[in-house]
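Residue strings, one per chain:
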Amino acid sequence: MTAEQAINWIESARYSAVKVGLDNMKALLAELGQPQKAFKCVHVAGTNGKGSVCAIIESALRRAGYNTGLYTSPYLMYYNERIRIKGVAIDDPLLVECCEPVYMAAKKLGDKGVRPSAFELGTAVAFCAFRRAGVDVAVIEVGLGGRLDPTNVISPEVCAIASIGMDHTKVLGDTLEKIAREKAGILKPYTPAAIYPACEDVANVFRSVAGEICAPLSFAGEYGFIDLKQDRFGSSFALDLPGFGVTGVELRLAGAHQAQNARLAMLTLSILAQNGLNITRGDVCRGVLDAKWPGRLEWFGDGVLLDGCHNVDGARALADYIDSYLSDRRITLLTGMMSDKMPLDFARIIAPRVSRVITTKVDWDRAIEAEELAGIYASLGVEATAVKDMESALDAAWPVGGCGDILLVAGSLYLIGAIRRILIGRTGD
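Residue indices follow the written sequence of each chain, beginning from 1 at its first position. Local features in this predicted model are restricted to residues whose pLDDT is 70 or higher, and side-chain atom pairs enter the listing and the counts only when it is 80 or higher, whereas totals over whole chains, interfaces and linings include all residues. Values reported for side chains reflect all heavy atoms of the structure, with hydrogen atoms and water molecules removed beforehand.

Draft legend 1. Expanded view of the layout of surface pockets. Site definitions follow a grid-based scheme: protein atoms alone, a 1 Å grid, a 1.4 Å probe that fits but cannot get out for cavities, and for pockets an open set with protein on both sides within 12 Å along at least five of seven lines, plus lining residues having an atom within 4 Å of a point. Grid points are joined across faces, edges and corners, and a volume is the space filled by probe spheres set on the points. Put simply, the second largest pocket is a space of about 460 Å³. Forming the walls of the second largest pocket are 23 residues, and the residues nearest its centre are Arg84, Gly87, Lys292, Trp293 and Pro294. Secondary-structure elements contributing two or more residues to the lining of the second largest pocket are helix 3 (50–63) and helix 15 (413–427). Top contributing element to the lining of the second largest pocket by residue count: helix 3, with 4 residues. Across the lining of the second largest pocket, the residue classes break down as 11 nonpolar, 3 polar and 9 charged. Only DSSP runs of H or I reaching four residues or more are called helices, and only runs of E reaching two or more are called strands; each is numbered from the N terminus. Residues are grouped as follows: Ala, Val, Leu, Ile, Met, Phe, Trp, Tyr, Cys and Pro are nonpolar; Asp, Glu, Lys and Arg are charged; every other residue, Gly included, is polar.

Dropping the structure here:
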C-alpha cells in the first residue's frame, strides 16, 4: 500500500459507510487494541475556532516538553496535515504503517456488516499513529457535533468547547441550544471543561449537561482581558489565571475572535496544570506566541488575504476584521463555498465590503456551482464573474488594480487550501 492508495481507500468510505452512532468506532478500536488509551487527551468541540484552540494548546504542551499529537479536520493542503506529531504532519511511511492495521480491522468488520466512515477510519489511523510515536498528550478536535462524533470515544484530561453558531443544522439542530447540547456531548463525568463565552441560554445548556454528570465547568468569559491591544496581524493581552497568575501573551493569529480562542486555550492549559501536567506560565506564553493556524486571516505579502470563514459566523468575524483594518482598501473577493453553508446569508455580510467578486467551484461534491454563486452576489449589486477552474479564477482576480488593493480569498477551507497551494507554487514560499 502506498500513501496515495491509503488516502484513497479512506476517502472512498464516504460512499459506502453506514454510521451507527459510536458503534463502528468502538468496534474498530477494539480490533486495534484500543490505541486511544495509550496517551492522555484534550478534547475540543465547537462551531468555529476549535482548530485554533487546538493549535494553541498543542503548541504550549510541546513547549512544556511533551511529545504531542494533534488531530484536526479538514486538512488544508494535504491529508497528512490532519495528524501531527510534535507539530509536524506525519510522513507517508508512518501514514501507511498505521493505515495497514486499520485496513485489516475494517476488512474483518466488513465481513460482519460493519462499514466505518472515512472520518472513523482516519480517526483510527490517527490514534494508531499517536500510539506508535509514543505521544504523551494528544489534542483531539471534534469533527462534527460532539455527542456522536467518532472522536467521542476518548477519556480526556479536560474538555474545551469553543464558540457555538448555526452550522450543520440538518444534523445538529436548528437552534443554538440544540447545537450546544450536541457539542456538550463530549463532556465526561467528573472531567473538567473550559467553555468559550456564550449567551446565557447556551451557557445554561452546558451547565445542565455538566450538572447531570458532575463535570466541573470553567467559563473563559470570567477571566477578563488585561491591557488588550490588537492590530491586523494579531494581539497582545494578559489574563489572571488559576495556577499561573497574571500571564501576558503575544498572539500572532489575526482577528478579534482569535484573542477569544486564545483565552479559551489558556484557560484549558491552566486546568491541565492544576490537574497534574507540568506546564509553566512561560510555556503558555511561548506556546501562544509560536501557535500557527494557516488559512485563517493569513496574509501572503501585503496584498493577498486568505480566510476559511466557511459559515455565517465566520463571515461576521471576517467583516469585523475588514471594518477594523481594511475599510480604506479596495477589495476583490475570490470565493467558493459548499451549498449547505448558507451562501446567500454569507454574501449579504461580505458583499457590501468588496468591489468585485470572482466565484469558482470548489472540488467537492457539496460545492455550489460558480454561476449560481456569482448570481447571488450580482443580485446584491456587486460585479460578479464565474470562473470554473480555480487557477484561472485566481488569474482573473489577481493581480488587482492599484497600489493598496487587496485580494481576499474567502469561503470553503477546500478553496483556501487549493489557492494556497497555487500561491506557494508561484512564489516558492
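Draft legend 2. Helix 8 (residues 200–213), seen in detail. How far a helix is expected to stretch is found by multiplying one less than its residue total by 1.5 Å. With 14 residues, helix 8 ought to run about 20 Å at 1.5 Å a step, and its terminal C-alpha atoms sit 20 Å apart, in line with that. A simple rule labels every residue: compare its accessible area, found with a 1.4 Å probe on the protein chains alone, to the largest value its type can have, and call it buried under 20%, exposed over 50%, or partly exposed in between. Of all the positions in helix 8, only Val202, Ala203, Val205, Phe206, Val209 and Ala210 are classed as buried. For helix 8, the buried positions fall inside an angular range of 150° around the axis, keeping them on one side. Opposite the packed face of helix 8, turned more than 90 degrees from it, sit the exposed residues Gly211 and Glu212. Every residue pair with non-hydrogen atoms within 4.5 Å of one another is taken to be in contact. On the buried face of helix 8, the contacting elements are strand 6 (158–161), helix 7 (176–183), strand 7 (193–195) and strand 8 (217–219). Just past helix 8, the residue Cys214 takes up positive phi, approximately 60°. Directions are taken from the helix axis to each C-beta atom, and the arc is the one they span.

Draft legend 3. Seen up close, the nonpolar core. One finds Ile57, Leu61, Leu269 and Ile279 to be the most contacted residues of the largest nonpolar core, which totals 42 residues. At the level of secondary structure, the elements contributing two or more residues to this core comprise strand 1 (40–45), helix 3, strand 5 (137–141), strand 6, strand 10 (234–241), strand 11 (245–251), helix 9 (256–274) and helix 10 (281–290). Here this core takes 9 residues from helix 9, the largest share from any one element. Residues in contact with Leu269, not counting those within four places in the same chain, are Ile57, Ala60, Leu61, Phe244, Ile279 and Val284. Ranked by size, the runner-up nonpolar core spans 41 residues in total, among them Ile85, Ala106, Leu109 and Leu121. Here, the term nonpolar core denotes a set of buried Ala, Val, Leu, Ile, Met, Phe, Trp, Tyr and Cys residues that are joined through side-chain atoms within 4.5 Å.

Draft legend 4. Structural view of the pairing of strand 13 (residues 304–307). With burial as the criterion, each face of strand 13 is covered, one bearing Val304 and Leu306 and the other bearing Leu305 and Asp307. Pairing between strands requires that DSSP locate at least two bridges from one strand to the other. Note that strand 12 (residues 298–300) and strand 13 share 3 bridges and pair antiparallel. Its bridge partner lying in strand 13, Phe300 is registered against Val304. Hairpin remark: strand 12 followed by strand 13, antiparallel, with 3 residues in the connecting loop; positive phi at Gly301, about 65°.

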